[in-house]
Amino acid sequence: MLDDNDRDEVLALLDADPVVNVFVASRVRSVGLNPARLGGQMWGFGPRGGLISLCYAGANLVPVNAGPEAVHAFADRARRQGRRCSSIVGPAGAVELLWERLEPSWGPARAIRWAQPLMATSTPSPVPADPLVRRVRPEEFEILLPACVAMFTEEVGVSPEAGDGGALYRSRVAELIRIGRSYARIEDGTVVFKAEIGAVTPLACQIQGVWVHPGHRGKGHAVAGMAAVVKHALDCFAPVVSLYVNDYNTPARAAYRRAGFKEIDTFMSVLF
């Protein structure tokens, strides 16, 4: 298990593939490697001074640069510890091998997303940005929250308000608004389009939570809205903007391509 003494080495490994590793890198840059602040543990594979692979073990289990030998080691540790995460997510090859070793003791999964294209862009969108997409203001929290809950439920298959009544999810939504990373088009008190920039490092950022109100779908809001968020992200946060999407979500993939994103890798998620 790694700690703050390993921070520089961990960041060097994460920054070697900054788009793929943006989620874990953003956590480490924000809070370090102390488990109490990190919200989990960081496992390292290889000697100190020569780390080969990492695995973030928190609310998500996320392998980093993990070949078969590292995956086997991480799986053994995860199996001994018992499941504490709500998902396994990361590069498809490593996650598939990790799940193969964990399924006998952790299974069954609630859902498996076998192929999730990772998409990225480093240039402004080739289509006009929606001028009405802007940062959400703190006083608009109650307007935005139902859209966030609807997006999460539609995407993940369970409500984020289950379990703790939604307290943790509400806190995260409010935090993204507070730090200026929540964007939406709001008309007459209704969210038409929304998206958040969930992870940020100096090298890359990742868009999450993209959603269009069901009554406004098919009208181009996703493409124009994403163009607006990409512009804000490139101007304010990082030189590369990324996201990942389910392979079966054909309309979303088409919208992202029109907004300038290109597929660069494939993720996989195992949901519990």
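Residues numbered from 1 in each chain as written. Predicted model: local features only at pLDDT ≥ 70, side-chain atom pairs only at ≥ 80, totals over all residues. Heavy atoms only, no water.

## So, the packing of aromatic side chains
Convention followed: Centres within 6.5 Å make a pair out of two Phe, Tyr or Trp rings, where for Trp the six-membered ring is used; the pair is then stacked when the planes are under 30 degrees apart, edge-to-face when over 60, and tilted otherwise. Starting at the N terminus, helices and strands are each numbered in turn, a helix being any DSSP run of H or I of at least four residues and a strand any DSSP run of E of at least two. The cut-offs for exposure are 20% and 50% of the maximum accessible area for each residue type, with area from a 1.4 Å probe on protein chains only; residues under the lower value are buried, those over the upper are exposed, and the others partly exposed.
If you walk through the whole model with that rule in mind, you get eight aromatic pairs. Aromatic pair phenylalanine 23 and tyrosine 56: ring centres 5.9 Å apart, planes at 75 degrees, arrangement edge-to-face. Note that phenylalanine 23 is positioned in helix H2 (residues 22–31) and tyrosine 56 in strand S2 (residues 53–57), a separation of 33 residues in sequence. Phenylalanine 23 sits in the partly exposed class, given a relative accessible area of 28%. What makes tyrosine 56 buried here is its relative accessible area of 4%. Arranged with centres 6.4 Å apart and planes meeting at 35 degrees, the rings of tryptophan 43 and phenylalanine 74 form a pair that is tilted. Of this pair, tryptophan 43 sits in strand S1 (residues 41–45) while phenylalanine 74 sits in helix H4 (residues 68–81), and the two are 31 residues apart along the sequence. Judged by its relative accessible area of 4%, phenylalanine 74 is buried. Taken together, the ring pairs connect Trp43, Phe45 and Phe74 into an aromatic cluster.

## Details of the sheet that holds strand S3 (residues 60–64)
Selection rule: Only strands that DSSP links by at least two bridges are regarded as paired with each other. In what follows, a contact means two residues having at least one pair of non-hydrogen atoms within 4.5 Å. Geometry is summarised by axes, namely lines fitted to C-alpha atoms with helices restricted to the contacting stretch, and by angles between N-to-C directions that run from 0 to 180 degrees.
Overall, mixed pairing links the 11 strands, which are arranged S1-S2-S3-S4-S11-S5-S10-S9-S8-S7-S6 in an open sheet. The outermost strands of the open sheet, each flanked by one partner alone, are S1 and strand S6 (134–135). Here S2 runs beside S3; their pairing, made up of four bridges, is antiparallel. Across the sheet, tyrosine 56 pairs through a bridge with valine 62, a residue of S3. Lying over the sheet, H4 contacts S1, S2 and S3, oriented at roughly 140 degrees with respect to S1. Strands in contact with helix H5 (residues 92–106) are S3, strand S4 (87–91), strand S5 (111–121) and strand S11 (262–271); relative to S4, the strand with the most contacts, it is inclined by about 155 degrees.

## Here we look at the UniProt feature "domain: N-acetyltransferase" (unreviewed entry) in the protein
Spelled out, the test is: UniProt positions are given in the numbering used here, feature names are shortened, and annotations may be inferred rather than shown by experiment.
Residues given the UniProt feature "domain: N-acetyltransferase" (unreviewed entry) here are residues 131–272. Between the end C-alpha atoms of residues 131–272 there is a gap of 39 Å, over a span that is 37% helix and 29% strand.

## What about H5?
Just so we agree on the cut-off: Multiplying 1.5 Å by the helix residue count minus one yields the expected span of that helix. We define the bend at any residue as the angle between the axes fitted to the seven residues before and including it, ending there, and the seven starting there.
Given a rise of 1.5 Å per residue, 15 residues ought to cover 21 Å, yet the end C-alpha atoms of H5 are separated by just 18 Å, more than 12% below that figure. Considering bend angle alone, the principal kink of H5 is centred on glutamate 100 and spans about 35 degrees; proline proline 104 follows within four residues of it. Those residues of H5 lying buried are Ala92, Ala94, Val95, Leu98, Trp99, Leu102 and Trp106. On its buried face, H5 sits against S3, H4, S4, S5 and S11.

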